[in-house]
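Descriptive structure summary
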Amino acid sequence: MNVTEGRFKNRQLHMEDYLQMVSAEQKENAEVFDYSKITEKSGIITDYWTNNLLDLILRKDNLNKAYKQVKSNKGAGGIDGMQVDELLPYLRENQDTLIQEIRTGKYKPNPVRRVEIPKETKGEVRRLGVPTVVDRVIQQAITQELTPIYEERFSDNSFGFRPKRGAHDALKQCQKNVNDGYGYVVDMDLEKFFDTVCQSKLIEVLSRTIKDGRLISLIHKYLNAGVMAKGIFERTEVGMPQGGPLSPLLSNVMLNELDKELERRGHRFVRYADDCMIFCKSRKSAERTLENILPYIEGKLFLKVNRKKTEVAHISKVKYLGYSFYRHKGKCRLRVHPKSVEKMKNKIRELTDRKNGMSNAQREEKYQQFVRGWVNYFKLADIKALLKVIDKWARRRIRAVYWKQWKKIKTKYRMLKALGCEHWRAKELACSRKGYWRMAKVLNQIFSNKIIAKLGYTSMLDYYSIVYEN
């Protein structure tokens with residue numbers, strides 16, 4: 001939309017004239033677009049904009065920002081097949097009509113495209129809903145304006161999908177609670193949260209803050225837009241699509257009701273999205289807490305609690321955000337949970353598979369990206385001993401990949417000589433009939449760790465020693 005400035009030159013979304021009108025009526029300077037600056041003025045202006053949020057959302061600068069965000073996120077297209085690269089020409093052609101339809105309440109969002117991705121639990125899938133790129137821009141514009149409003153209302157114990165907060169902050173808060181003597185937890189699991197949200201309850205909660213009926217109606221339309229799964233339309237009278245820019249904010253708005261109730265009851269807790277842990281000082285206290293909170297979650301918020309996965313346990317027995325907990329010298333420390341380790345090993349197996357058809361450059365780049373991402377996420381954990389073993393295993397797999405690629409005896413001999421191997425030794429190894437995995441171990445000293453690192457295969461342990469934080 002930035003590049004559509006020429007089209008906006010004479011129009012400017014009518015906002016300059018609109019703001020001048022507000023200024024005259026309120027006897028205040030309303031030339032500022034930013035909501036946080038507006039709220040610094042007076043209660044009258046704050047109330048005015050709370051009641052007219054749709055006008056804030058349709059500001060030129062907000063729409064430009066939303067377009068840039070969607071473009072930078074890339075991602076696949078929705079049911080109409082339009083890709084992010086095709087978005088700009090479409091907006092240039094249809095922006096006036098689109099904005100007018102949203103203003104007058106005539107805009108109808110498209111159904112989302114159903115995508116299923118496997119969960120860690122075998123046989124289970126996570127159902128995502130991919131909106132069209134146009135709907136993503138509108139949802140992003142809504143999110144940008146509602147986020148600062150709701151951030152003031154959200155709990156300090158909520159960490160998921162919030163600016164300047166993340167999983168590491170949630171884990172550090174868990175450590176603090178355990179160090180303060182809260183060693184037992186209610187590990188809460190909400191069953192298919194996004195698929196079971198009560199829409200009428202969510203709209204009721206939104207309406208307490210948002211007084212602009214047009215915006216409430218637009219959000220409701222997104223909730224009711226439906227899903228296209230394998231070419232068949234499905235109604236969505238319950239739940240909300242997981243995958244659009246608006247969904248994370250709406251999930252926090254809904255679960256903030258649970259946060260406030262837990263705070264009112266004086267509980268210590270940590271919530272990251274729909275993963276919630278309530279901390280208690282004893283098992284009995286935790287069991288009592290679970291028994292007392294279930295009626296509120298199911299009876300007032302109309303959410304389903306997965307009884308099989310919700311449990312009361314000592315902190316050392318739970319998995320949270322891929323981590324596990326243990327005590328050392330009286331302090332709570334973090335480890336990588338065994339399931340997360342297995343998942344990491346499976347990914348390395350996939351990247352170093354001798355049959356995956358990747359080029360060396362592509363494999364090196366993807367391996368480096370994975371190592372940096374994984375270690376950065378698990379940098380709070382004590383994993384030096386683990387990474388030492390993983391590095392040794394991964395490097396052996398990498399040597400096996402290269403040994404297979406060299407194929408012919410002549411190629412093997414030439415490459416071994418290039419690695420500094422003596423003539424007789426290179427000839428002996430090149431003619432060896434041992435398997436790839438056996439030869440990878442034999443090549444340990446010739447095809448050294450330093451050479452593997454120079455090729456671009458970052459050592460997990462070396463990178464961890466740089467970013468380690470705990």
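Residues numbered from 1 in each chain as written. Predicted model: local features only at pLDDT ≥ 70, side-chain atom pairs only at ≥ 80, totals over all residues. Heavy atoms only, no water.

The name recorded for the chain in an unreviewed UniProt entry is Group II intron reverse transcriptase/maturase, from Lacrimispora xylanolytica.

Now for a positive patch on the surface. Taken together, the side chains of K388, K392, K434, R438 and K441 make up a positively charged region of the molecular surface. Here K388 lies in helix α17 (residues 384-406). (Patch = residues over 30% accessible without salt bridge, like charges linked within 9 Å, V, L, I, M, F, W, Y side chains within 5 Å. Areas by Shrake-Rupley, 256 points an atom, 1.4 Å probe, with all protein chains shown as cover. Salt bridge = Lys/Arg side-chain N within 4 Å of Asp/Glu carboxyl O. Lys, Arg positive; Asp, Glu negative; His and termini not counted. Charge placed at Lys NZ, Arg CZ, Asp CG, Glu CD. Helix = DSSP H or I, 4+ residues; strand = E, 2+ residues; numbered from the N terminus.)

The next subject is the nonpolar core. If you look at the biggest cluster of nonpolar residues, it comprises 68 residues, and the most contacted ones within it are L146, M188 and L206. Tallying contributions element by element places helix α8 (residues 133-151) first for this core, with nine residues. If we skip the residues at most four places from it in the chain, L146 touches L53, I210, L215, I219 and L249. Membership of the second largest hydrophobic core comes to 57 residues, among which are F279, M439, I446 and M460. (Core = buried A, V, L, I, M, F, W, Y, C linked by side-chain atoms within 4.5 Å. Buried < 20%, exposed > 50% of the residue type's maximum accessible area, 1.4 Å probe, protein only. Contact = heavy atoms within 4.5 Å.)

This paragraph deals with the packing of helix α6 (residues 60-73) against helix α7 (residues 87-104). At a closest axis distance of 13 Å, the pairing of α6 and α7 adopts a crossing angle of 145°. Crossing of α6 against α7: the hand is right-handed. Mapping the contact onto sequence places L63, Y67 and V70 in α6 and L87, L88, L91 and I99 in α7. Class assignment for the residues of the contact of α6 with α7 results in seven nonpolar, no polar and no charged. (Axes fitted to C-alpha atoms, helices over the stretch in contact; angles between N-to-C directions. Left-handed = near helix turned anticlockwise from the far one by under 90°. Nonpolar A, V, L, I, M, F, W, Y, C, P; charged D, E, K, R; others polar.)

The end-to-end C-alpha distance of helix α15 (residues 338-351), which contains 14 residues, comes to 20 Å, matching closely the 20 Å that a straight helix rising 1.5 Å per residue would cover. Those residues of α15 lying buried are S340, V341, M344, I348 and L351. Looking straight down α15, one finds that the buried residues subtend no more than 105° of arc, so they occupy a single side. Turned more than 90 degrees away from the buried face of α15, the exposed residues are P338, K339 and K343. Each element contacted by the buried residues of α15 is listed here: β10 (331-336), α16 (360-377), α17 and α22 (460-467). (Expected span 1.5 Å × (residues − 1). Arc of directions from axis to C-beta.)

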